[in-house]
Amino acid sequence: MNSFFNTAVRRVRSSTAATQRSPLGFLILASAVAAFTGFSSASAQSPAKGSPEHIKAVTSAVDQNSIKANAATSNDWPAIGLDHGETRFSKLNQINTDNVKNLGLVWSYNLESSRGVEATPIVVDGIMYVTASWSVVHAIDVRTGKKIWTFDPEVPRNIGYKGCCDVVNRGVALHKGKIYVGAYDGRLIALDAVTGKKVWEKDTLIDKEHSYTITGAPRVVNGKVVIGNGGAEYGARGYVTAYDAETGNQAWRWFVVPGDPSKPYEDESMEAAAKTWDPAGKYWVNGGGGTAWDTITFDPELNLVYIGTGNGSPWNRHLRSPAGGDNLYLASIVALNADTGKYVWHYQETPGDHWDYTSTQPMILADINIDGAPRKVILHAPKNGFFFVIDRTNGKFISAKNFVDVNWATGYDANGRPIEVAAARDPEKGMDSIPGPYGAHNWHPMSFNPMTGLVYLPAQGVPLNLTPQKGWKHNANQPGEFGGNTGWNTGFVLNATPPKNLPFGRLIAWDPVKQKEAWKQEYVAPWNGGTLTTAGNLVFQGTADGRFIAYNATSGEKLWESPTGTGVVAAASTYMLDGKQYVSIAVGWGGVFGIAARATEADNPGTVYTFAIDGKAPLPAITKYQMENLVEGVKYNPADVGPGTLLYVSSCVTCHGVPGVDKGGNVRNLGYVGAETIANLKNFVFKGPHMDKGMPDFTGKLSDDDVVKIIAFIQGTADAVRPPKK
């Protein structure tokens, strides 16, 4: 302001002299004075950036219309997928293939979390909102990299076991000055965007008997906050609910699968769905599954909300619906009326799901030319390994092609039905499921660049053998039942026979029109992060081995990378701030794969990294993952190893992995902890010191004798895998 004042004074003095020589002088003088007066007035009225007044002004302006308007420039990142289509394509090009090599860190922010971080940062005029594990929300001033506020919903830490896939959260929604977050324990919470104070809170759960969770990001459509839930592994019944964004009052609810047939159906779609289930399986007791735990998109022009639905409960259809059937609306994309929540259409990607092939993976709404004609489509790559192009106006199948190797189907027919391999549903024999339940693509966001015409897809393979479980009963927790002691119900024995296929992780650039791979990048492990693509002809992705990488979007050439201090699973966002483009990525290793396994020796806490051209800030120091030597010397009875194996699989393996085989993820591998800890395992299993970190209390679920047998399995397995001493 001082420089402007000095310039204005000089202009005024010059103009004063000019008035003595020219009839225009007065106009010049008046113009100069008016300019200075106007600037002073604007300065007085415009709040300081990052001030409460500024935050209120910019966040209150965010709504459905502003998100649509922002799509023309991509200056902000106001919604979880950037735009309504969730393309994650930014029109910014200040950072591009020519200068991305000069990208440097501007600041880093400690999220103070040790579990998975899966959220994409939302940013509006330099105000960032991002979540960490346990549904904790952070508001950050991008101009300084400093905290504005944090909100901890205080999810009870001892209920971590109620979710299959880590205590994660995929982000928030912003609408008219409020931040919306789904808490892990099932609450939907509205916060004041300025202060982080709670405005309202709703319990979204329909019952407390089943282990429901929320890990996905809410979406706001037509003034309503839409949220789903997780829990299909635990016998939950899936549904989505819309709440009034201002008051929190429930507006509508739609169930994914039918309930008890002895009771009235909620609507016509449930009555129709029930005809595709066999009541002999008592699916309503087992919940049925179908939980919509992640993708929700919205087309304002069609006024349709699209829901990606989850897997069956249990996984094994022979147990869930013995006579077969498609089991609607599992593993489907379903279109609902945004105002009423009424069913409009569906397309089922995996009829009669049998392999945990959810359709909850992020979808993209795009307008592309197919056979010379423009089509409004959904682009989708669910767990089952096929890339789908679907007409989003009516749900009609356009095409599908496998983007990784698959062994459950040979393709899709002209009607959009999979051509299944009969052996994949053998009720007696096990098989290597390719892709396995971790999915050929999981929740990690993909992006679509209309300039290249390519989708950038995090693909993977995690080997898993599925053998049908004999004598399965809901919540029976039979010894050896994977996760049975913490509520899992799959109907399969996992890896009873060691799988023969190998793990992989890769980034695929996929042409959705040609249904063909354009290029790919291989990684050292599965479970790599989501993608961001830009008009600078770039693709950004973080990796499981702790790197953040920029590629040429056309060719796949690697142009830049930076270490991130731990594995990356989330996707980045980019935005303009005061004339400069920034890229931010929230980092924190975890998720269902990252709980028990890792691909890097670095173990930094959850961190937001923000980069720009010529950034000069130092990277945080790398913390090495603490792993003791393979445990030895704990006394045990070899006869206890067998029964201890079954107890371990039922109670421990979902989080701790196989002792001495896995290295541990964000939870320690019990083969690499001290002998004293293992010898005194009951002190940790029963109301132990790690309950505040998510460790379950097994009081009443295990006996002292059970723990002795588990100890035998841990030490026995460690001894079996120990390299011989030279």
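Owing to the predicted nature of the structure, the values given are computational and were not obtained by experimental measurement. (Residues numbered from 1 in each chain as written. Predicted model: local features only at pLDDT ≥ 70, side-chain atom pairs only at ≥ 80, totals over all residues. Heavy atoms only, no water.)

A. Up close: a nonpolar patch on the surface. Together, Val658, Val661 and Val721 line one region of the surface with nonpolar side chains, adding up to about 210 Å² of accessible area. Here Val661 lies in the loop between helix H10 (653-656) and helix H11 (675-679). A residue is classified by how much of its surface remains accessible, and Val661, at 52% relative accessible area, is exposed. (Patch = residues over 30% accessible without salt bridge, like charges linked within 9 Å, V, L, I, M, F, W, Y side chains within 5 Å. Areas by Shrake-Rupley, 256 points an atom, 1.4 Å probe, with all protein chains shown as cover. Salt bridge = Lys/Arg side-chain N within 4 Å of Asp/Glu carboxyl O. Helix = DSSP H or I, 4+ residues; strand = E, 2+ residues; numbered from the N terminus. Buried < 20%, exposed > 50% of the residue type's maximum accessible area, 1.4 Å probe, protein only.)

B. Main features of the environment of Thr486. Structurally, Thr486 can be placed in the loop between strand E30 (465-468) and strand E31 (492-494). Here Thr486 falls in the buried class, since its relative accessible area comes to 7%. Through-space distance from the C-alpha of Thr486 to that of Asn475 is 9.4 Å; in sequence the pair is 11 residues apart. Among all residues touching Thr486, those that are not within four sequence positions of it are Tyr161, Tyr234, Ser650, Ser651 and Phe698. (Contact = heavy atoms within 4.5 Å.)

C. A look at the nonpolar core. In this structure, Tyr306, Leu379, Phe387, Phe403 and Trp408 are the most contacted members of the largest nonpolar core, which totals 72 residues. With near-sequence residues (within four places) excluded, Phe403 lies in contact with Ala381, Pro382, Gly385, Phe386, Phe387, Ala440, His441, Leu457, Ala459, Ile508 and Trp510. Listed in part, the 29 residues of the second largest apolar core include Ala236, Met270, Ile296 and Phe298. (Core = buried A, V, L, I, M, F, W, Y, C linked by side-chain atoms within 4.5 Å.)

D. Examining the packing of helix H9 (residues 641-651) against helix H13 (residues 704-721) more closely. One way to put it is that H9 packs onto H13 with a least axis distance of 7 Å and a crossing angle of 100°. The orientation of H9 relative to H13 falls into the category roughly perpendicular. In this structure, H9 uses Val641, Pro643, Gly644, Thr645, Leu647 and Tyr648 to contact H13, whose residues at the interface are Asp706, Lys709, Ile710, Ala712, Phe713 and Ile714. Of the residues belonging to the contact of H9 with H13, the class tally is 8 nonpolar, 2 polar and 2 charged. (Axes fitted to C-alpha atoms, helices over the stretch in contact; angles between N-to-C directions. Parallel < 35°, antiparallel > 145°, perpendicular 65-115°, else oblique. Nonpolar A, V, L, I, M, F, W, Y, C, P; charged D, E, K, R; others polar.)

E. Structural detail: the sheet that holds E30. In spatial order, the strands read E27-E30-E31; together these 3 strands make up an open sheet with antiparallel pairing. Each of the sheet's edge strands pairs with one partner strand only, and the pair in question is strand E27 (431-432) and E31. Relative to E30, E27 runs antiparallel, the two sharing 2 bridges. Bridge pairing in E30 places Met431 opposite Leu466. (Pairing = 2+ DSSP bridges.)

F. Representation of the state of the cysteines. According to the stated counting rule, one finds 1 disulfide in the structure shown. The disulfide partner of Cys164 is Cys165, and the gap between their sulfur atoms is 2.0 Å. Residues Cys164 and Cys165 are joined by a disulfide whose S-S torsion is about -90°; by sign, that bridge is left-handed. Taking the relative accessible area as the measure of exposure, Cys164 reaches 22% and is therefore partly exposed. Of all cysteine sulfurs in the structure, the one in Cys655 sits closest to Cys652, which takes part in no disulfide; the separation is 9.0 Å. Cys652 sits in the buried class, given a relative accessible area of 11%. Given a relative accessible area of 28%, Cys655 falls into the partly exposed group. (Disulfide = S-S within 2.5 Å.)

G. The arrangement of the pairing of strand E40 (residues 607-613) in detail. By the criterion of burial, E40 is predominantly enclosed, with 7 of the 7 residues buried. Sheet analysis places strand E2 (residues 103-110) next to E40, joined by 7 bridges and oriented antiparallel. Along E40, the bridge assignment pairs Leu103 with Ile613. Examined bridge by bridge, strand E39 (residues 580-587) and E40 share 5 bridges and lie antiparallel to one another. Looking at the pairing, Ile585 lines up with Tyr609 of E40.

H. How the structure looks around the sheet that holds strand E8 (residues 178-182). Reading across from one edge, E7-E8-E9-E10 is the order of the 4 strands in this open sheet, with antiparallel pairing throughout. Where the open sheet ends on each side, the last strands, each with one partner, are strand E7 (173-175) and strand E10 (198-203). Shown here is a sheet whose adjacent strand axes are inclined to one another by a mean of 20°, direction ignored. Pairing of E7 with E8, which is carried by 3 bridges, proceeds in the antiparallel orientation. Considered in E8, the bridge of His175 is made with Lys178.

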